[in-house]
Amino acid sequence: MLTDKLTQLKTIFTEMERALIAYSGGIDSTLVAKVAYDVLGDRALAVTAVSPSLLPEELEDAKVQAATIGIAHELVNTHEMDNPNYTSNPVNRCYFCKSELHDTLKPLALKQGYPYVVDGVNADDLQDYRPGIQAAKERGARSPLAEVGITKLEVRQLSQGLGLPWWDKPAQPCLSSRFPYGEAITVEKLQRVGRAEIYLRNLGYHNLRVRSQGDTARIELPPEQIKEFVATTDLNQLVAKLQALGFIYVTLDLEGYRSGKLNQEIVGKNVANTLS
């Protein structure tokens, strides 16, 4: 069945003839870029939006991965931080982020002769609260993974099967997802969270989040890693490092890391997005 889905994915790009990929460097959009390049070659273009909500290390990963695939890769600046509808961090913040992204990519695609802009939305994303999906749809973007019914797990399986070395790369959504809805987002706060997560990754913990609420950093790790973290980490040094970044309080979430945790209060309130 998975091979059938890959065939369907390739067919979509064959029919497109030319496509611009909204490419963040995450596992989903990288798979899309890989398949698009395999089918279209130099008729596929990956474009990464650069803004304060993208970790610098994620941008570097995106560059390396695009070069490894062989696909043409361009960078564009987006300016969602200039929009108070975004920085005020309402529950539909992602709508304004993706509006800015696709309002930037669509003219670029048309100017360079790409009739389609595609993204890395997968089938499982449709079950979460993702207002950005609607913004992309309104601007004519397509989501081939979701159209074919490819799930998060299948993205990794396909990536591994295609020999992509980053097939098990942890999910890394934009840094704005670290803040509870209603708390204003600033460049300084984004940089603070980003540097905190980089510090923890350098300690050897990769699948994590540093949630920011006011002056408090709440570290989320997979539940099975919490005991090891407490036992082996120099907690005084950790606290001092995060306080030097600007946090006052440093806490550890005992429930552990769970993707989309800040959406738990709004998921299920009839806000799921679909492609239909």
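Residues numbered from 1 in each chain as written. Predicted model: local features only at pLDDT ≥ 70, side-chain atom pairs only at ≥ 80, totals over all residues. Heavy atoms only, no water.

1. Concerning the nonpolar core
The line we're drawing: The definition of a nonpolar core used throughout is a set of buried Ala, Val, Leu, Ile, Met, Phe, Trp, Tyr and Cys residues joined through side-chain atoms within 4.5 Å. Burial classes follow relative accessibility: with a 1.4 Å probe on protein chains only, a residue under 20% of its type's maximum area counts as buried, one over 50% as exposed, and anything between as partly exposed. Helical segments are the DSSP runs of H or I of at least four residues, strand segments are the runs of E of at least two, and each set is numbered from the N terminus. Contact definition: two residues touch when any of their heavy atoms are within 4.5 Å.
Membership of the largest hydrophobic core comes to 29 residues, with the highest contact counts inside it found for Leu 9, Phe 13, Ile 21, Tyr 23, Ile 71, Leu 145 and Ile 150. When contributions to this core are tallied by element, the ones reaching two or more residues are helix H1 (2-16), strand S1 (19-22), helix H2 (27-40), strand S2 (44-50), helix H3 (56-69), helix H7 (144-148) and helix H8 (152-161). In terms of residues, this core owes the most to one element, H2, which gives seven residues. If we skip the residues at most four places from it in the chain, Leu 9 touches Val 35, Pro 144, Leu 145, Val 148 and Ile 150. Counting residues in hydrophobic clusters, the runner-up holds 24 residues, among them Leu 55, Leu 200, Phe 229 and Leu 238.

2. Let's talk about the sheet that holds S2
Filter applied, for reference: Paired strands, as defined in this entry, are two strands with at least two bridges between them according to DSSP.
The four strands are arranged S3-S2-S1-S4 in an open sheet whose pairing can be described as parallel. Edge positions in the sheet fall to strand S3 (72-77) and strand S4 (117-118), since each has one partner strand and no second. Alignment of S1 against S2, held across four bridges, turns out to be parallel. From the neighbouring strand, Ile 21 faces S2, where its bridge partner is Ala 46.

3. Brief notes about the pattern of salt bridges
Let me state the cut-off plainly: Think of a salt bridge as a Lys or Arg side-chain nitrogen and an Asp or Glu carboxyl oxygen that are within 4 Å of each other.
One pass over the full model with this rule turns up 19 salt bridges. With a closest N to O distance of 3.3 Å, Glu 58 and Lys 169 form a salt bridge. On the criterion of sequence distance, the pair formed by Glu 58 in helix H3 and Lys 169 in the loop between H8 and helix H9 (187-202) is long-range, its members being 111 residues apart. Across the pair Glu 147 and Arg 142 runs a salt bridge, and its minimum N-O distance is 2.8 Å. In this structure Glu 147 comes out as partly exposed when scored by relative accessible area, which is 37%. Shared partners join several salt bridges into a network, and the residues in it are Glu 57, Arg 178, Glu 197 and Arg 201.

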